[in-house]
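Tertiary structure, described
What follows is the residue order along each chain.
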Amino acid sequence: MNKHGRIIEIRGFKGILTAIFIVCCLVTGFTVFPGFIAMNIWNMITPYITDMPQMSLIHGVMLWAIVFLIWFAFNGRFPSFHFGCHSAMNEEEIKEFVEKIQKEREELNKENNHTEE
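Reading guide: rules and limits
Here, residues in each chain are numbered from 1, in the same order as that chain's written sequence. Under the rules for a predicted model, residues below a pLDDT of 70 receive no local features and side-chain atom pairs below 80 are neither given nor counted, while totals for whole chains, interfaces and linings still include all residues. Excluded from the side-chain calculations are hydrogens and water; all other atoms, namely the structure's heavy atoms, are used. Two rings belonging to Phe, Tyr or Trp (six-membered ring only in the last case) form a pair when the distance between their centres is within 6.5 Å. Interplanar angles under 30 degrees mark stacking, angles over 60 mark edge-to-face geometry, and anything in between is tilted. For helices the rule is a DSSP run of H or I covering at least 4 residues; for strands it is a run of E covering at least 2, with both sets numbered from the N terminus onward. Burial here depends on accessible area, computed with a 1.4 Å probe over protein chains only, as a share of the maximum for the residue type. Under 20% is buried, over 50% is exposed, and the range in between is partly exposed. Expected span, for any helix, means 1.5 Å times one less than how many residues it has. To obtain the bend at a residue, axes are fitted to the seven residues ending there and to the seven starting there, and the angle between these axes is taken. Throughout, a contact is declared for two residues whenever any of their heavy atoms are within 4.5 Å.

**Concerning the packing of aromatic side chains**
Tallying each qualifying case throughout the model produces two aromatic pairs. Between the aromatic rings of Phe-68 and Trp-71, the centroid separation amounts to 5.5 Å while the plane-to-plane angle is 40°, which identifies the pairing as tilted. With Phe-68 and Trp-71 both in helix H2 (residues 57–73) and three residues apart, this pair spans about one turn of that helix. By relative accessible area, which is 40% here, Phe-68 ends up partly exposed. With relative accessibility at 31%, the residue Trp-71 sits in the partly exposed group. Their ring planes at 20° and their centres at 6.4 Å tell us that Phe-68 and Phe-72 sit as a pair that is stacked. With Phe-68 and Phe-72 both in helix H2 and four residues apart, the pair spans about one turn of that helix.

Below is the structure:
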């Protein structure tokens, strides 16, 4: 007895036709319809750009497939860019930063003195 899942039973020719219809609807809903939307958006933009070709439905589906594959390549997350600033430095961090700058300045002065001689 399976408590977690449900077994779908297909009986007869009517059941097979229903299953094929459901699969076709899912394929159409997840591929052709977004491709149709991508095609229409592309065709709305192209008159404003010089010498851009119009798309047919198959090109829209391929554009949608490319977008989906890019999404899939990034593990289901589109790459994102984050803009912002870091939190303010406390006094200890500022002292460490100033000391690091002074050490680098001293090293540069030593190198410059050696090259001048």
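**Thoughts on helix H1 (residues 12–45)**
Helix length check: H1 (34 residues) gives 49 Å between terminal C-alpha atoms against 50 Å at 1.5 Å per residue, within 8%. For H1, the principal kink sits at Thr-28 and spans about 40°. Every buried residue of H1 is accounted for by Gly-15, Pro-34, Gly-35, Ala-38, Met-39 and Asn-43. Against H2 lie the buried residues of H1.

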